[in-house]
Amino acid sequence: MASISRSLRRSLAPDTLHRLLLQARGFVTAECHRPVVLHKRGPDILHDPWFNRGTAFSMTERDRLGLRGLLPPSVVSSQQQIDRFMLDLERLEKNARDGPSDTYQLAKWRILNRLHDRNETMYYKVLIDNIEEYAPIVYTPTVGAVCQNYSGLFRRPRGMYFSAEDRGEMMSMVYNWPADQVDMIVVTDGSRILGLGDLGVQGIGIAIGKLDLYVAAAGINPQRVLPVMIDVGTNNEKLLKDPLYLGLQEHRLEGEEYVEIIDEFMEAVFSRWPNVIVQFEDFQSKWAFRLLQRYRNTYRMFNDDVQGTAGVAIAGLLGAVRAQGRPMIDFPKQKIVVAGAGSAGIGVVNAASRTMARMLGNNDVAFESARSQFWIVDAHGLITEERADIDPDARPFARRKSELTHQGLSEGASLLEVVKKVKPDVILGLSAVGGLFSKEVLEALKDSSSSRPAIFAMSNPTKNAECTPEEAFSILGEKVVFSSGSPFDDVDLGDGKTGHSNQGNNMYLFPGIGLGTLLSGARIVSDGMLQAAAECLASYMKEEEVLQGIIYPPTSRIRDITKEVAAAVVREAVAENLAEGYRDMDARELASLSEEETIEYVKNNMWNPIYPTVVYKKD
């Protein structure tokens, strides 16, 4: 019937066709059944409450209306949308009576999200002015709960979705995004969201949260950021069986098929936006390192879990040395036990060992000496060269047989055994195992060779922290330096003394790294630029603050921190001859700027949430 109708339209004169359509009007029994002619495509439809139907748009409609890639790949019925709404309503009703402790946080996220949907300038004004209160809502730890419940929380799309179903289409799909200029992309495949595991397409929440901080902390223009989800399936059996799940309900692609999809995505986004910076976020370890090495010398990209976490950890480790009343140059003498050998753990060890080696002269002897300062413990215990099938990324730090004999340790020794024998200056947790630093482990740290040992319980979200500050200070007393990945309150130690709970969060670095790369026009994000960012953060705190055990600044100063970090990144990019300039500031002019002028240059290029003058121009 449809084909006959199309043939009639082609063959009949316009006035004849008009008369026939008027005669046929009687067959239309309801207003909602009449066709609606739209004079808009893509995001304009999704942002119009009159015509948007969200995930109920069919694939044919998505292609016809320029919506492919702007919605999660799963097509759902209107009844499924109603079911999702009712489920969320019931959850809210239950939580209003006796819900879990994070109900209030999720409620605040919903309120902020609704504001974001209707007024971005006001949203970012509220976020910036209340960053200490709202950073934990839009980012960790609440963003973890948001990702876990994203299919139920989903109301309208934000960002782009590239899926395994879009192979061969990505180069055209990127033009469905309305912005001709995109400065920052945060992309995830949802395979390892925080410490929560594989959340599939729901991981888009982490990309959205990170970009909120790029805007709030770094002043990246919100009209030039793009959160991206690459949906290659999920191995989360619960999601595979959930009829309300919005992603592809098939197991994850692996091997070359997976790499080909990421390759296509990278080629597509850099083809449309050659100067964009792409931050990889929460990719599982086996892909995080491989993709970083694959792209880092070709594209402007970095991996926050590997490189950002490492930078924040290095800043904290250098701060811990300062808290002992020693100069940062003594860092290579620190003995560090690392719990966790994933992308974050190995990333930290690699970066920290490079920092030590540089301080020792940057030669082979220096690198060997730096390597010997780390003991890595994973789920199978201490990693040594005797382990079968050792992860290639961990191999350089595997303890050698000759060392084991001297230390009284063996392959697979427990964390407790390692801490007892090594007597480390620092225990660093990146394991995603809540409570791993048990009472026994903390008791063993009392024998540390340091007068002020440091505990870094860096795993996110809060429930995955290796220990709490209360546990650390109650066992080790006021001298311990404590840091975590998620926020904890300070601890009252009595007698007017405070145990400071530092938050070693990536938000102190990644916004500045991105902004500095953008404003320098650097071709790549180099190790030197990352190192400059970490050292800038490490030296940010005043001496009297550090001696009190405060090694990271409060989040209320995040825009000032980011400005300083970005300026350090710009200066390093210039020093390495990587800078190509930004807008009217070419590389030669950047090189002529003093340190103070570079900071002012960064400040002047940070977006602020002020309502602009609006002018209408007819097409």
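Residues numbered from 1 in each chain as written. Predicted model: local features only at pLDDT ≥ 70, side-chain atom pairs only at ≥ 80, totals over all residues. Heavy atoms only, no water.

Caption draft 1: Structural view of the overall build of the chain. Counting its secondary structure elements, the chain contains 28 helices and 14 strands. In the chain, 71% of the contacts between residues at least 6 apart in sequence involve partners at least 24 apart. Approximately 27,800 Å² of the chain is accessible, and the part contributed by carbon and sulfur atoms is 50%. (Helix = DSSP H or I, 4+ residues; strand = E, 2+ residues; numbered from the N terminus. Contact = heavy atoms within 4.5 Å. Areas by Shrake-Rupley, 256 points an atom, 1.4 Å probe, with all protein chains shown as cover.)

Caption draft 2: Representation of the packing of helix α7 (residues 120-129) against helix α12 (residues 204-218) in the model. Two elements in contact, α7 and α12, have axes whose closest approach is 9 Å; the angle formed by their N-to-C orientations is 70°. One element, α7, and the other, α12, form an angle in the roughly perpendicular class. Between α7 and α12, the residues in contact are Tyr123, Tyr124, Leu127 and Ile128 and Asp212, Val215 and Ala216, respectively. Looking at the contact of α7 with α12, its residues break down into six nonpolar, no polar and one charged. (Axes fitted to C-alpha atoms, helices over the stretch in contact; angles between N-to-C directions. Parallel < 35°, antiparallel > 145°, perpendicular 65-115°, else oblique. Nonpolar A, V, L, I, M, F, W, Y, C, P; charged D, E, K, R; others polar.)

Caption draft 3: Region of interest: the sheet that holds strand β3 (residues 225-231). Pairing within the open sheet is parallel, and its five strands lie in the order β1-β3-β2-β4-β5. Each edge of the sheet is formed by a strand with only one pairing partner; in this case those strands are β1 (160-163) and β5 (301-303). The average angle at which neighbouring strand axes cross in this sheet is 20°, direction not considered. The sheet contact formed by strand β4 (residues 277-280) and β5 spans three bridges and is parallel. When the bridges of β5 are listed, Phe280 appears paired with Asn303. On top of the sheet, helix α15 (residues 285-295) reaches β4 and β5; it is set at about 160° to β5, its chief contact. Lying on the sheet, helix α16 (residues 304-323) is in contact with β4 and β5; it crosses β5 at an angle near 75°. (Pairing = 2+ DSSP bridges.)

Caption draft 4: Spatial organisation of the pattern of salt bridges. For the structure on display, the rule yields 35 salt bridges. Lys286 serves as the salt-bridge partner of Glu254, at 2.9 Å between the closest nitrogen and oxygen. One end of the pair, Glu254, is in the loop between α13 (237-240) and α14 (255-272); the other, Lys286, is in helix α15, with 32 residues separating them in the sequence. Overall, Glu254 belongs to the partly exposed group, its relative accessible area being 31%. In this structure Lys286 comes out as partly exposed when scored by relative accessible area, which is 48%. Taken together, the shared-partner salt bridges in this structure form one network comprising Glu368, Arg371, Arg399, Arg400 and Glu403. (Salt bridge = Lys/Arg side-chain N within 4 Å of Asp/Glu carboxyl O. Buried < 20%, exposed > 50% of the residue type's maximum accessible area, 1.4 Å probe, protein only.)

Fair warning: the whole summary comes from geometry, so function is off the table for now.
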